Amino acid sequence: MANLMYMSRRELLAAAAALTVMSCIPKGLFAAMVKGEMPYRKLGRTGEKVSLIGLGGFHIGKQADEKESIEIIRTAIDNGVNFMDNCWDYNEGKSEVRMGKALQDGYRNKVFLMTKIDGRDRKTAAKQIDESLRRLKTDRIDLMQIHEVIRLSDVEKSFAPAGGLEALLAAKQAGKIRYIGFTGHKSPSIHLKMLETAAKHEFVFDAVQMPLNVMDAHYDSFEKNVLPVALKHNIGILGMKSMGSPYILESNTASPVECLHYAMSLPTSVVITGCDSLVILKQALKAAREFRPFTEQQVAALLSRTTEAALKGKYERYKTSDYFDGTHHHPEWLGPAREKSVL
């Protein structure tokens, strides 16, 4: 652990900012944790109980044999993971297809199922919702999210007349989905615009997904800027990219378990982590079962250790490049282009 007496002013400021966010942690969030068991938390205003770790959907579509994917999913569920992450576009639909097969034989009723769509207009979004339902072999999706809100135009199109949100609201009315959220990894300012625009339309999201990790705390930070706003409105917090997908590990400043435990020590409802093998899944399960919230001293020391590496976003490439922007590489997923709308 770094000696706090020798932290620079910049490191102290970063640590203080993170600790201020951590002071917003809802009362009772860490209550009744039993070491060796899977912890569960409330998903914000929904009141749903979700496992501290969620199974990332992208990684369970990468195995050469779908039987391995199914084994990973069912092993996670058998060990207490009830939050399933997915997306319409992951691995060209393969991730949803494999999860749909894994959730047969009674497994569907054991999980809180989340997936995402890219469509920004009502027609495209509705089509993607129905495709996801078919692939996942279910008549309902617990949480459907507007995926990859990474441009201001994504906000505008989602809330425009005949926009994507209309499809989600119609699907909710029809009983196809239960809750509505959104995700993004590019900039906290875009997340804040999404929340501000929702408020103007008298709408509150049930969940919001964002990068939360030891480097985000230093650079263009979702933790500092978005987390307090979402908590104020009791929106469920879905943490992702705890290891930077997984570039933070390449910096040699934090271990996988430290990365997971940092994200878990924030007021996250669930920390979504990619597990492309049973070995990685077991590591995540162990980290959740052995989790104890970081002390202020542990947080300060870890942030001190990661400050220099984090400053230019080198290890958060999803913020600083278009490498991770699926809809940049496939704009057709968003639906047909149209004139810019006025909010």
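Residues numbered from 1 in each chain as written. Predicted model: local features only at pLDDT ≥ 70, side-chain atom pairs only at ≥ 80, totals over all residues. Heavy atoms only, no water.

Participant: Before we go on, may I ask you to explain a negative patch on the surface in this structure?
Facilitator: Taken together, the side chains of D65, E68, E71 and D276 define an acidic patch exposed on the protein surface. Position of D276 among the secondary structure elements: in the loop between strand 10 (270-273) and helix 12 (278-289). (Patch = residues over 30% accessible without salt bridge, like charges linked within 9 Å, V, L, I, M, F, W, Y side chains within 5 Å. Areas by Shrake-Rupley, 256 points an atom, 1.4 Å probe, with all protein chains shown as cover. Salt bridge = Lys/Arg side-chain N within 4 Å of Asp/Glu carboxyl O. Lys, Arg positive; Asp, Glu negative; His and termini not counted. Charge placed at Lys NZ, Arg CZ, Asp CG, Glu CD. Helix = DSSP H or I, 4+ residues; strand = E, 2+ residues; numbered from the N terminus.)

Participant: How do you make sense of the confidence of the model for the chain when you look at a structure like this?
Facilitator: Mean pLDDT for the chain: 92, with 88% of residues reaching 70 or above. A low-confidence stretch, residues 1-6 stays under pLDDT 50, and its non-local contacts, those more than four residues away or across chains, total nine contacts. (pLDDT = per-residue confidence, 0-100. Contact = heavy atoms within 4.5 Å.)

Participant: Would you mind showing me how to read the sheet that holds strand 8 (residues 207-211) here?
Facilitator: Hydrogen bonds along the backbone pair up the strands of a sheet, which may run parallel or antiparallel. Reading around the barrel, the eight strands line up as 3-4-5-6-7-8-9-10 and close back on themselves, with parallel pairing between neighbours. By the bridge criterion, three bridges tie strand 3 (residues 53-55) to strand 10 in an arrangement that is parallel. Along strand 10, the bridge assignment pairs G54 with I272. Strands strand 6 (141-146), strand 7 (177-183) and strand 8 of the sheet are contacted by helix 7 (residues 188-200), whose axis makes an angle of about 140° with strand 7. (Pairing = 2+ DSSP bridges. Axes fitted to C-alpha atoms, helices over the stretch in contact; angles between N-to-C directions.)

Participant: What is the right way to read the packing of aromatic side chains from this model?
Facilitator: Here a ring pair, both rings aromatic, is described through the centre-centre distance and the interplanar angle of the planes. One pass over the structure, following the stated rule, counts ten aromatic pairs. Both rings, one in W88 and one in W333, keep their centres 6.1 Å apart while their planes meet at 90°; by these two values the pair is edge-to-face. Note that W88 is positioned in the loop between strand 4 (83-84) and helix 3 (94-102) and W333 in the segment after helix 15 (326-329), a separation of 245 residues in sequence. Taking relative accessible area as the criterion, W88 reaches 13% and is therefore assigned buried. Where F112 meets Y179, the ring centres are 6.3 Å apart and the plane angle is 20°; that geometry is what we call stacked. With F112 in strand 5 (residues 112-117) and Y179 in strand 7, this residue pair connects regions lying 67 residues apart in the sequence. One exposure class covers both F112 and Y179, and it is buried. The rings of F159, F182, F203 and F205 are connected pair by pair, giving a single aromatic cluster. (Phe/Tyr/Trp six-rings, centres within 6.5 Å; stacked < 30°, edge-to-face > 60°. Buried < 20%, exposed > 50% of the residue type's maximum accessible area, 1.4 Å probe, protein only.)

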